[in-house]
Amino acid sequence: MELLRKLLARRAVAPAWREIGLAAAAERELGAILGFWQREASDAKGGFWPEWRGGPKRKGASGALLTSRILWTFSAAHWRSPGGGYLDMARAAHADLQRFRDVEHGGLLWSIDARKGRRSARKEIYGQAFGVFGLSEHFRATGDAAALEQAIAIYRLIEQHGRDREQGGYFDSLEADWSGVRANGNPGPKSQNTMLHLMEAYANLLQVWPDPGLRADLVALIELFLDRIVDPSSHHLVMFLTPELEPATDRYSPGHDIEFSWLIVEAARVVGDAALAARVRETALAVAAANLPSIEADGGISYESGPSGIVDPHRAWWVMAEASVGFLNAFELSRDPAYRAAAERCWDYIERYVIDRRGGEWFARVMPGGKPDRRAAKIGFWKCPYHNSRACMEIAGRAGRLHR
């Protein structure tokens, strides 16, 4: 017992990653995440379970969002490691995404509940963006021309219907036939979250389809963030916006902030404009600095905050994943050791509290004090392999470069 206590105390002081290095730890965790999804996610019909809580559940609606994110994840894993055994999962996701095609109006259905005979055809631009993201990655990984054609078609529909040509930006939600803006209960009809993932998707598509019009649309999105969405005084992103792009709330999301800080750098890199990249670097570092205080004493980051402090104290798996990458990116840009320390503290938290060593994958939610929410799904409409597997890919590459 005394030896066990010593080993546990040592582990509490020195997380496992410090013994093998951050890059190796991220690589190891990537294999564990992908292995979980390969074992557990697929149903008997060639698609994916809509829910998994200790085992597969048939209830609930399947979403194009989850399938698109699986498509991106396993296509990226195959592109990164062609012999890794990930191609079958990528192809299965590409095939599954086809059942969400809206053959009447174009684009992707939001959800299908086969058990209840229901489908939601509303056009969430967020969901369309992930369709573009996953399909363009699948083309990059496999050369499948049909995936590229579908990605381009969705991009054109977004530009035709989702973009506000008069006042700027993109609407979050449209009617099923793209005919008008649909109320979705948010404080404003436009959000940084939707436009953040459009920027990400457009940058990914531009890498495989260097279209001048797409490049111009991506530049406009980047400049929109720089000029209207990042608050110039607080350096936090405005979460929801009015049609005129005025703030519709004073709350902010540290996870989206720090995710933005590295995604906009990647988007500017794809554009290849030196002057734009310089502006982006300055803003990215300002946003990263503004979010350093969001890291709490245990290394966790609360989900949502506002001028008076924390609004939602739970720690989400995706927030911790994106924070690890975002702060590491800030260190690469600045060589300020505070950012490297921040990235390592976030990874400490992930290893201590977020990774489920027994059940596999990551807990979706961890409460203050380190207690995981074991009721939350490991696979679900929003719980996916995209954030944490991508974080592992990014950390393995970035940490490896920093140690060479």
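Residues numbered from 1 in each chain as written. Predicted model: local features only at pLDDT ≥ 70, side-chain atom pairs only at ≥ 80, totals over all residues. Heavy atoms only, no water.

**Q** Please explain empty space enclosed by the protein as it appears in this structure.
**A** Taking a probe equal in size to a water molecule and rolling it over the atoms shows the remaining empty space. Counted according to the given criterion, the structure contains 1 cavity of 30 Å³ or more. Its boundaries defined by the atoms lining it, the largest cavity holds a volume of some 50 Å³. Lining the largest cavity we find Phe48, Trp49, Pro50, Ser62, Gly63, Leu66, Thr67, Asp96, Arg99 and Phe100. Tallied by class, residues from the lining of the largest cavity come to 5 nonpolar, 3 polar and 2 charged. (1 Å grid on protein atoms, 1.4 Å probe; cavity = no way out; pocket = protein on both sides within 12 Å on 5 of 7 lines; lining within 4 Å. Points joined across faces, edges and corners; volume = space filled by probe spheres on them. Nonpolar A, V, L, I, M, F, W, Y, C, P; charged D, E, K, R; others polar.)

**Q** Would you mind showing me how to read the state of the cysteines here?
**A** Among covalent bonds in proteins, the disulfide is the one between the sulfur atoms of two cysteines. Using the criterion set out here, one finds 0 disulfides in the structure. Of the cysteine sulfurs around Cys392, a residue in no disulfide, the closest is that of Cys384, at 13 Å. Overall, Cys392 belongs to the buried group, its relative accessible area being 0%. (Disulfide = S-S within 2.5 Å. Buried < 20%, exposed > 50% of the residue type's maximum accessible area, 1.4 Å probe, protein only.)

**Q** Looking at this structure, how should I read the pattern of salt bridges?
**A** Two side chains that carry opposite charge are able to pair once their charged atoms sit near each other. Inspection of every chain in the model, using the stated rule, returns 33 salt bridges. Residue Arg80 is joined to Glu27 by a salt bridge in which the shortest nitrogen-to-oxygen separation is 2.8 Å. Of the two residues, Arg80 sits in helix H4 (residues 64–80) while Glu27 sits in helix H3 (residues 22–40), which places them 53 residues apart along the sequence. By relative accessible area, Glu27 is classed as partly exposed at 37%. Put simply, Glu361 and Lys383 hold a salt bridge, and the shortest N to O gap is 2.7 Å. Here the residue Glu361 occupies a position in the loop between helix H13 (337–354) and strand S13 (365–367), and Lys383 occupies one in the loop between strand S14 (371–372) and helix H14 (386–402), the gap between them amounting to 22 residues. Relative accessible area serves as the criterion here: at 3%, Glu361 is assigned to the buried category. (Salt bridge = Lys/Arg side-chain N within 4 Å of Asp/Glu carboxyl O. Helix = DSSP H or I, 4+ residues; strand = E, 2+ residues; numbered from the N terminus.)

**Q** Can you help me understand the confidence of the model for the protein chain in this one?
**A** Caution applies to low-pLDDT regions: their predicted coordinates should not be interpreted in detail. Mean pLDDT over the protein chain works out to 94, with 96% of the residues at or above the 70 mark. Long-range and interchain partners of residues 1–14, a stretch whose pLDDT sits below 50, account for 6 contacts in this model, where long-range means more than four residues apart. (pLDDT = per-residue confidence, 0-100. Contact = heavy atoms within 4.5 Å.)

**Q** I keep staring at the layout of surface pockets and nothing clicks. Help me out?
**A** There is about 880 Å³ of room inside the largest pocket. Lining the largest pocket are 41 residues, with Tyr126, Asn193, Tyr303, Trp318 and Trp382 sitting closest to its centre. Mapped onto the lining of the largest pocket, the elements with two or more residues apiece are helix H8 (192–208), helix H10 (254–271) and helix H12 (317–334). Per element, the largest residue contribution to the lining of the largest pocket is 4 residues, and it comes from H8. Taken together, 25 residues make up the lining of the second largest pocket; nearest its centre are Arg140, Trp262, Glu266, Arg269 and Glu394. Of all the secondary structure elements, the ones that give two or more residues to the lining of the second largest pocket are H4, helix H6 (125–142), H8, H10 and H14. Considered class by class, the residues forming the lining of the second largest pocket number 11 nonpolar, 3 polar and 11 charged.

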